[in-house]
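Okay, here's what each chain looks like letter by letter:
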There are 2 protein chains.
Amino acid sequence: MSVIILGHKSPDTDSVTAAIAFAELQKALGVDAVPGRQGELNPETALVLEKFGYAAPELVTDVSGRKYMLVDHSDIKQAPDNWDQGELMAIVDHHKIGDITTGNPIFFCAMPVGCTGTVLYKLYTDLYKKPIPEKVAGLMLSAILSDTVLFKSATCTPDDKAAAEALAKIAGISDMMAWGMEMAKAKSAVEGVAPRDLIFRDYKDFDMGGKTVGIGQLELVSLDLVADMKDALYAEMEKVKAEGNRHSVFLMLTDIMKEGTELLAATDDPGVVDKAFGTALQGRSVWLDGVMSRKKQMVPPLQKAFGA
Amino acid sequence: MSVIILGHKSPDTDSVTAAIAFAELQKALGVDAVPGRQGELNPETALVLEKFGYAAPELVTDVSGRKYMLVDHSDIKQAPDNWDQGELMAIVDHHKIGDITTGNPIFFCAMPVGCTGTVLYKLYTDLYKKPIPEKVAGLMLSAILSDTVLFKSATCTPDDKAAAEALAKIAGISDMMAWGMEMAKAKSAVEGVAPRDLIFRDYKDFDMGGKTVGIGQLELVSLDLVADMKDALYAEMEKVKAEGNRHSVFLMLTDIMKEGTELLAATDDPGVVDKAFGTALQGRSVWLDGVMSRKKQMVPPLQKAFGA
Ligand SMILES: [Mn+2]
Ligand SMILES: [Mn+2]
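Residues numbered from 1 in each chain as written. Chains lettered and ligands numbered in written order. Predicted model: local features only at pLDDT ≥ 70, side-chain atom pairs only at ≥ 80, totals over all residues. Heavy atoms only, no water.

Per an unreviewed UniProt entry, chain A goes by the name inorganic diphosphatase and belongs to Dissulfurirhabdus thermomarina. In its Catalytic activity (unreviewed entry) section, the UniProt entry covering chain A states "diphosphate + H2O = 2 phosphate + H(+)". (UniProt positions renumbered as here; feature names shortened; annotations may be inferred.)

Q: Can you help me understand the domain arrangement of chain A in this one?
A: How large an interface is tends to be reported as the accessible area lost when its parts come together. Residue and element names in this part refer to chain A. Taken domain by domain, chain A comprises domain 1 (3-186) and domain 2 (195-305). A straight line from the C-alpha centre of domain 1 to that of domain 2 covers 25 Å. On the side of domain 2, 20 residues touch domain 1, which itself brings 21 residues to the contact. Summing both sides of the interface, domain 1 and domain 2 together bury roughly 1800 Å²; the carbon and sulfur share of this comes to 57%. When the buried surface of domain 1 facing domain 2 is broken down by residue, Lys77, Val149 and Lys152 rank first, second and third, together holding 29% of it. On the surface where domain 1 and domain 2 come into contact, there are 0 salt bridges. Linking domain 1 to domain 2 there are 4 residue pairs in polar contact (both at pLDDT 80 or more). Among the elements that take part in the side of domain 1 that touches domain 2, helix H6 (residues 176-188) stands out by supplying 3 residues, more than any other. (Domains from an automatic or database assignment. Contact = heavy atoms within 4.5 Å. Buried area = accessible area lost by both parts, 1.4 Å probe. Salt bridge = Lys/Arg side-chain N within 4 Å of Asp/Glu carboxyl O. Polar contact = N/O pair within 3.5 Å; in protein donor to acceptor, adjacent residues only side chain to side chain. Helix = DSSP H or I, 4+ residues; strand = E, 2+ residues; numbered from the N terminus.)

Q: What should I look at first to understand the coordination of the manganese ion (ligand 2) in this one?
A: Octahedral metal centres with six donors ideally show angles of 90 or 180 degrees, and tetrahedral centres with four donors ideally show 109.5 degrees. All names here are of chain B. Taken together, the protein donors to the manganese ion (ligand 2) comprise Asp14 (OD), Asp72 (OD), His94 (NE2) and Asp147 (OD), at separations of 2.2 to 2.3 Å. Summarised as a motif, the one-chain spacing of the donors to the manganese ion (ligand 2) is D-x57-D-x21-H-x52-D. Taken together, the residues Asp14 in helix H1 (residues 13-28) and Asp147 in helix H4 (residues 134-147) connect sequence positions 133 residues apart. Like Asp14, the residue Asp147 is buried in the burial classification. (Donors = N, O, S within 2.8 Å, 3.2 Å for Na, K, Ca; no water. Buried < 20%, exposed > 50% of the residue type's maximum accessible area, 1.4 Å probe, protein only.)

Q: I'm lost on the pairing of strand S1 (residues 3-6) of chain B in this one. Help?
A: Within a regular beta strand, the side chains point alternately toward one face of the sheet and then the other, so they alternate between its two faces. Residues and elements named next belong to chain B. Along S1, one buried face is formed by Val3 and Ile5 and the opposite face, lined by Ile4 and Leu6, is buried too. Relative to strand S2 (residues 33-37), S1 is paired through 3 bridges, and the arrangement is parallel. Across the sheet, the residue bridging to Ile4 is Val34, located in S2. Traced from S1 through H1 to S2, the parallel crossover comes out right-handed. One ladder, built from 3 bridges, connects S1 with strand S4 (residues 67-71); its direction is parallel. Bridge pairing in S4 places Ile5 opposite Met69. (Pairing = 2+ DSSP bridges. Right-handed = clockwise from strand over helix to strand, strands pointing away.)

Q: Please explain the UniProt feature "domain: DHHA2" (unreviewed entry) in chain A as it appears in this structure.
A: Following the UniProt record, one finds the feature "domain: DHHA2" (unreviewed entry) at residues 180-306 of chain A. In this annotation, residues 180-306 of chain A is assigned 37% helix and 29% strand; the end-to-end C-alpha distance for the span is 35 Å.

Q: For this particular structure, what's the right way to read the coordination of the manganese ion (ligand 1)?
A: All names here are of chain A. Looking at the manganese ion (ligand 1), the protein donor atoms are Asp14 (OD), Asp72 (OD), His94 (NE2) and Asp147 (OD), and they sit 2.2 to 2.3 Å from it. Mapping the donors of the manganese ion (ligand 1) onto the primary sequence gives the spacing D-x57-D-x21-H-x52-D. With a gap of 58 residues between them, Asp14 in helix H1 (residues 13-28) and Asp72 in the loop between strand S4 (67-71) and strand S5 (87-93) connect regions that are remote in the sequence. On the basis of relative accessibility, which here comes to 0%, the residue Asp14 falls in the buried class. Classification of Asp72 by relative accessible area gives buried; the value is 1%.

Q: Honestly, the interface of chain A and chain B in this entry has me stumped. Any pointers?
A: Counting from both sides, the interface comprises 25 residues of chain A and, opposite them, 25 residues of chain B. Carbon and sulfur atoms make up 65% of the area that chain A and chain B hide from each other, which totals about 2100 Å². Per-residue buried area on chain A facing chain B is highest for A:Ile97, A:Pro105 and A:Phe108; these three make up 27% of the total on that side. Here A:Lys129 and B:Asp126 are joined by a salt bridge, their closest N and O atoms 2.6 Å apart. Of all the elements, strand S6 (residues 107-110) of chain A adds the most residues to the side of chain A that touches chain B, at 4 residues. In the side of chain A that touches chain B, the residues fall into 12 nonpolar, 7 polar and 6 charged. By the bridge criterion, 3 bridges tie S6(A) to strand S6 (residues 107-110) of chain B in an arrangement that is antiparallel. Across the sheet, the residue bridging to A:Ala110 is B:Phe108, located in S6(B). (Nonpolar A, V, L, I, M, F, W, Y, C, P; charged D, E, K, R; others polar.)

So, in structure tokens, the structure goes:
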């Protein structure tokens, strides 16, 4: 049975495209690997796969008895079910080091950059010295544009920009910013989408000081797009919070043009927002200027506020 | 304050030389880094440092309030005290993925090869494209010869051999096997050494199914070297077991010429040896033919036997 490569739950463009790109690299190295995904494609990812001619990878949420590799995460909460009942072969990531452990030595490469696509670019080019196929370069470029919000995110590094430029050349994309805006608009598509699906479009659960804290993020070209939906979103967040025995559910409404986030909060302890960001909730939300990155600007201050 | 780079507790040659070599690489990358060590040098490591003109790195066992990097391990039991009170910046390793986690993205590179020196060779040459100074190449070569027991260990991979050959050229060492035998003899030096020091010369504690299990290893050019010391070694192992509330203390007396290990066992459950290796203890020891690697041939079957 092929080695299955999976990104995190509630997959984003990076998780899906990194699974495909790392599977291609593994095949070039002689490993029989196939990409998978742990959940539905978001509209941005669907557009990216369509543009470069890929079908959606196989849906796989349980890896018991299988050989597998992980991309774009290294923590148990985001890993497939029964992660410890399969054989983990490799991890490629760009997040904080998670709590997954192994019984044997494996390949684990994480770098403090803005996107798994950037790490994969270095693996292809520098470590394994394999040519990047044109369409795979298109996927990796798209992931970098998505994860770094067109290079605006606080997580973006010079390595991400350099990789994106090199990948755009290989992929034959002359105006990558135009392609990035097209992706951003697809990512912003909210009309007719159920509030629950919007919350889970790019959602992660974290363990903060022993409490489960969920954080979803919607990247929008304008907050006007969700102006009429906030009541519905908030009601659904309360449901998600209750169902999962969560302490808090946050939804980041990130305006990528204004470069900031309106944070919606359903929480047992509203004071935690003030503690984390130095700005108190006004009712159920607060505007956080300059905050665009969940990983770099939301999780660390919240973790500190939760005493984790 | 400089970033301190540390190998595991009870450091072996790989842990000490990898700290020096990774510090040199960091300096070449513009990071103010210095190597350290968590314990005394073994006789082999002392010989290696002397040959290539290095002093013993600074003794550092606590990293609270410091920026630091780890080499040759990624688990808490082998990490410096207060590992979570300092800022971990990077990990380079070749063991199973341990339980250290971080709050921020860092550089983490582990590969399933026989030695951290081999991973560092790839980082220098492929990923960062920095020249390896002659004396640093000598250190890394020595680590590979040591960790792979002159390429005989089950952990040795083609990558280790290729790295060693390239490093021998850079270091100007024409007969690396002769140098490896010289190191092996130094490693075998037991005369006049206290039993306790022999047990801890290359020693690691593991968590196996919730129990603390210590495994030391002596690599010997002949078991005759310790024939008269077994009673004293065994008595000391019982003390180490009692002091640390350990379930078991094992000492591998590995004959690198005969390619096998006499395993001494001080344990609450002698049956665990039979369960792990399919050969029962005869009194307090058993000969395990072909077993040379703690990491690959001792830890995994024991962990299984302990139900971990
Ligand atoms: Mn990502
Ligand atoms: Mn080592």
